[in-house]
Amino acid sequence: MNSRNYDIAVIGGGIIGLATAMRLTQEHPDQKIVVIEKESVVAQHQTGHNSGVIHAGIYYAPGSQKANFCSTGGRLLREFCDEHGVEYEMCGKIIVAVNQSEVPGLEELYRRGTANGAEGLELIGPKELREHEPHVAGVKAIWSPNTGIIDFTKVSEAYSIEMRENGGDLVLDAEVHSISRSNGSVHIQTGAGDFTARNIINCAGLHADKVAGMMDVETGVRIIPFRGEYFSIRPESSHLVNGLIYPVPDPSLPFLGVHFTKRINGSVEAGPNAVLALKREGYTKTSFALGDTWDTLSYPGFWKMSMKYWKTGIDEQYRSLVKSVFVKSLQTLVPEITGDDLYAPGAGVRAQVVDDNGALLQDFSIAQTEGAIHVLSAPSPGATSSLSISRYIVDMAQESFGLAS
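The structure displayed is predicted, hence computed values, not measured ones.

### Observations concerning the pattern of salt bridges
One pass over the structure, following the stated rule, counts 22 salt bridges. As a salt-bridge pair, Asp-292 and Arg-280 come within 4.0 Å of each other at their nearest N and O atoms. With Asp-292 in helix 7 (residues 290–297) and Arg-280 in the loop between strand 17 (275–276) and helix 7, this pair connects stretches of sequence that are twelve residues apart. For the pair Asp-292 and Arg-280, a shared accessibility class is recorded, and that class is buried. Salt bridges sharing partners connect three or more residues here, namely Asp-209, Lys-210, Arg-280, Asp-292 and Asp-295.

Written as structure tokens, this is what we have:
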């Protein structure tokens, strides 16, 4: 099969890859752009399995890329959705200190969020908390009116439509098998044939480190998949939750703790936990892939991480296996919830980046090599920030790839 020739190939049809390709086609119509996606539809993995929250930018260290991209990204996202008819709802969010020992952490979150430009944050007491969420127990809370809910799969589909209307191509069922470089071009072998491009943007999500490895790029990190398991709340019990209810998180971990999430379709979810997955796309407890498991277990950084967080890991695994423990975690926020209120378990998988020293990367990680840009880590709030991240990547591509600005 003859190779198809492009100026830039974006590997990965998740929300970051599609946002980047859309912006490239808008700003560089002279460039021939293709998005190469291994699934039969876009946004199948992290984009389509996340909680669908438009984040306000509360949690992130001031000055970090997450902080810088999130507040701008949320505004750009809402403007795009208004223009393209994508539904969203600014339902607001409560972060709850359930006892006095959590109040200092809550107040630090308020300081962070304010420094990050999260709009309208309020510290509220039990009376105001009950006005927002009558069934929640807590001594103090943050009210964030600028947090919302959305279906990021629909956002991704809108990005894809816009990108193709601008002349870009989307090729599905095109899992990348190998990448090589010769004569100033990159040659990509996929399940849908061969492609040649002058430059690559690697937005492969759960497989971003593998794609970088195909290009002989030593990243110094490994993607370790963590499954986040959740339950849906039965419709007759959904009145217990009005919007988004979160605990005060452990600042040493990139996970936010089990919480309650209203979805744009009107349903309510409870979770997720965070347990090690034995497959990069391992959405069930029995999911297993020998290669993915070996990638994790053979990586020294995994064992260094495990030594640091072994107790948390055991607690999360126990909560995964014993539903009553999961329910007890939820009851700290909403005491009336019971195991009978939970049904229809589901899960997503987070591409958690771990470095050689066992550190969990908390921020976005976007690296540049010859003829390529690698989005190695773009977890939450990556979807909220997709348009601001795409701005950053395209600016980087203009300089790195020699595109006319």
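### Focus: the sheet that holds strand 4 (residues 88–89)
Pairing within the open sheet is antiparallel, and its three strands lie in the order 3-8-4. In this open sheet, the two edge strands, each paired with only one partner strand, are strand 3 (53–54) and strand 4. Where strand 4 lies against strand 8 (residues 148–150), two bridges are found, and the strand directions are antiparallel. By the bridge assignment, Glu-89 is partnered in strand 8 with Ile-149.

### Considerations on the packing of helix 2 (residues 65–84) against helix 5 (residues 152–165)
Packed helices, taken two at a time, are described by their axes: the angle between them and the distance between them. Contact geometry for helix 2 and helix 5: axes closest at 11 Å, N-to-C directions at 70°. Classified by the angle their axes make, helix 2 and helix 5 are roughly perpendicular. When you trace helix 2 past helix 5, the crossing you get is left-handed. Listed contacts from helix 5 to Leu-77, Phe-80, Cys-81 and His-84 of helix 2 are Phe-152, Val-155, Ala-158, Tyr-159 and Glu-162. By residue class, the composition of the contact of helix 2 with helix 5 is seven nonpolar, one polar and one charged.

### Concerning a nonpolar patch on the surface
Together, Leu-278, Phe-288 and Leu-290 make up a nonpolar patch on the protein surface, roughly 320 Å² of accessible area in all. As for its placement among the helices and strands, Leu-290 is situated in helix 7. The exposed category is assigned to Leu-290, whose relative accessible area is 65%.

### Considering the layout of surface pockets
Roughly 1000 Å³ of volume is contained in the second largest pocket. For the second largest pocket, the lining is made up of 40 residues, of which Ala-274, Thr-312, Asp-315, Glu-316 and Arg-319 are closest to its centre. Listed by contribution, the elements that provide at least two residues to the lining of the second largest pocket are strand 13 (221–233), strand 17, helix 8 (300–321) and helix 9 (323–331). At 14 residues, helix 8 tops the list of elements feeding residues into the lining of the second largest pocket. Of the residues assigned to the lining of the second largest pocket, the class counts are 24 nonpolar, nine polar and seven charged.

### Here's the deal with the environment of Glu-157
Considering the arrangement of structural elements, one finds Glu-157 in helix 5. Sequence separation between Glu-157 and Thr-369 is 212 residues; the distance between their C-alpha atoms is 29 Å.

### Structural notes on the pairing of strand 2 (residues 33–36)
The alternating pattern of strand 2 places Ile-33 and Val-35 on one face and Val-34 and Ile-36 on the opposite face, and all of these are buried. Of the pairings in the sheet, the one linking strand 1 (residues 4–11) to strand 2 comprises four bridges and is parallel in character. Looking across to strand 2, one finds that Ile-8 is bridged to Ile-33. The parallel pair strand 1 and strand 2 is bridged by helix 1 (residues 15–27), and the resulting crossover is right-handed. Where strand 2 meets strand 9 (residues 169–171), three bridges bridge the pair, whose relative direction is parallel.

### As for the side chain of Asn-199
If you trace the backbone, Asn-199 turns up in strand 12 (residues 193–202). When its relative accessible area of 6% is taken as the criterion, Asn-199 is described as buried. Ignoring any residue separated from it by four or fewer positions in sequence, one finds Asn-199 in contact with Asp-7, Ile-8, Ala-9, Gly-371 and Phe-401.

The rules behind each value
- Residues numbered from 1 in each chain as written.
- Predicted model: local features only at pLDDT ≥ 70, side-chain atom pairs only at ≥ 80, totals over all residues.
- Heavy atoms only, no water.
- Salt bridge = Lys/Arg side-chain N within 4 Å of Asp/Glu carboxyl O.
- Helix = DSSP H or I, 4+ residues; strand = E, 2+ residues; numbered from the N terminus.
- Buried < 20%, exposed > 50% of the residue type's maximum accessible area, 1.4 Å probe, protein only.
- Pairing = 2+ DSSP bridges.
- Axes fitted to C-alpha atoms, helices over the stretch in contact; angles between N-to-C directions.
- Parallel < 35°, antiparallel > 145°, perpendicular 65-115°, else oblique.
- Left-handed = near helix turned anticlockwise from the far one by under 90°.
- Contact = heavy atoms within 4.5 Å.
- Nonpolar A, V, L, I, M, F, W, Y, C, P; charged D, E, K, R; others polar.
- Patch = residues over 30% accessible without salt bridge, like charges linked within 9 Å, V, L, I, M, F, W, Y side chains within 5 Å.
- Areas by Shrake-Rupley, 256 points an atom, 1.4 Å probe, with all protein chains shown as cover.
- 1 Å grid on protein atoms, 1.4 Å probe; cavity = no way out; pocket = protein on both sides within 12 Å on 5 of 7 lines; lining within 4 Å.
- Points joined across faces, edges and corners; volume = space filled by probe spheres on them.
- Right-handed = clockwise from strand over helix to strand, strands pointing away.

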